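# A look at the structure
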Amino acid sequence: MIEKKVVMTKISNKEISISYLKKYADKDLSSIETMFSDDIVLRDWKIRVEGKENALKETRKNFENADTIEIEVLSTYENKNTVAAELKITVDTTEELYVVDVITLNKEGKISSIRAYLGRGDN
């Protein structure tokens, strides 16, 4: 009898972050809830909230204020526990935002913080 070894490969922080961004564009709040740590800190150029429930409430508000959200990942940078993603976000096919999300993950692969910085679209 031949034994097969199953090799479990850990999903990279970059893959988790890209998955989060896809679920955000899909407005998939239930999937996002499973990705957030209980003590997540969410901060952007307008707000700062702590805790999963508050972060989900802010995310839900964003979803309710937009019919569509498209996210194009322009580039990513990764170190041990953080991924920075340069993004072009199009809201309702007309509003373009250039944003850098800095996403930090804990040992369990849960998102423990998202810091978003608004930029400009010109070169």
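The coordinates are above.
What counts and how
- Counting restarts for each chain, with residues numbered from 1 along the sequence as it is written.
- Where totals are concerned, whole chains, interfaces and linings use all residues; where local detail is concerned, this predicted model gives features only for residues with pLDDT of at least 70, and gives and counts side-chain atom pairs only at 80 or more.
- Only hydrogens and water are set aside; all other atoms, that is, all heavy atoms of the structure, feed into the side-chain values.
- Only strands that DSSP links by at least two bridges are regarded as paired with each other.
- Put simply, DSSP H or I for four residues or longer makes a helix, DSSP E for two residues or longer makes a strand, and each gets a number counted from the N terminus.
- Axis definition: a line fit to C-alpha positions, over the contact stretch in the case of helices; interaxial angles, taken between N-to-C directions, run 0 to 180 degrees.
- We call two residues contacting when some pair of their heavy atoms lies within 4.5 Å.
- Remark: exposure states derive from per-residue accessible area (1.4 Å probe, protein chains only) relative to the maximum for the residue type, with buried under 20%, exposed over 50%, and partly exposed in between.
- Only rings of Phe, Tyr and Trp enter the pairing, Trp through its six-membered ring, and a pair is recorded when the two centres are within 6.5 Å. The plane angle decides the type: under 30 degrees is stacked, over 60 is edge-to-face, the rest tilted.
- To estimate the expected span of a helix, count its residues, drop one, and scale the result by 1.5 Å.
- Here, the arc refers to the directions that run from the helix axis to the C-beta atoms.

Let's shift gears to the sheet that holds strand 3 (residues 69–78). Read across the sheet, six strands follow the order 2-1-6-5-4-3 without closing on themselves; strand pairing throughout is mixed. Strands at the two margins of the open sheet, each flanked by one partner only, are strand 2 (48–50) and strand 3. On average, each strand axis in the sheet is tilted by 20° relative to the strand beside it, whichever way the strands run. Of the strand pairs in this sheet, strand 1 (residues 36–43) and strand 6 (residues 111–118) are connected by four bridges, and their pairing is parallel. Bridge pairing in strand 6 places R43 opposite R115. Where helix 1 (residues 13–25) meets the sheet, it contacts strand 1, strand 3, strand 4 (82–91), strand 5 (95–105) and strand 6, and its direction lies at approximately 165° from that of strand 3. The sheet strands contacting helix 3 (residues 52–64) are strand 1, strand 2 and strand 3, and the helix crosses strand 1 at an angle near 55°.

What follows covers the environment of E64. Of note, E64 is situated in helix 3. For E64, a relative accessible area of 61% corresponds to the exposed category. On a C-alpha basis, the gap between E64 and K27 in space is 9.1 Å, while along the polypeptide they are 37 residues apart.

The subject of this paragraph is the packing of aromatic side chains. Following the criterion strictly, the structure yields three aromatic pairs and no others. Ring geometry for Y24 against F63: centres 4.9 Å apart, planes inclined by 70°, an arrangement best described as edge-to-face. Taken together, the residues Y24 in helix 1 and F63 in helix 3 connect sequence positions 39 residues apart. With relative accessibility at 7%, the residue F63 sits in the buried group. Members of the aromatic cluster, joined through ring pairs, are Y20, Y24, F36 and F63.

Next up on the list: helix 3. Relative to the 18 Å expected for 13 residues at 1.5 Å per residue, helix 3 spans 18 Å between its end C-alpha atoms, a close match to the ideal helical length. When we look at burial in helix 3, the residues that qualify are K52, A55, L56, E58, T59 and F63. One side of helix 3 holds all its buried residues, which, seen down the axis, span an arc of 160°. Along helix 3, exposed side chains directed more than 90 degrees from the buried face belong to E53 and E64. Contacts from the buried residues of helix 3 go to helix 1, helix 2 (29–35), strand 1, strand 2 and strand 3.

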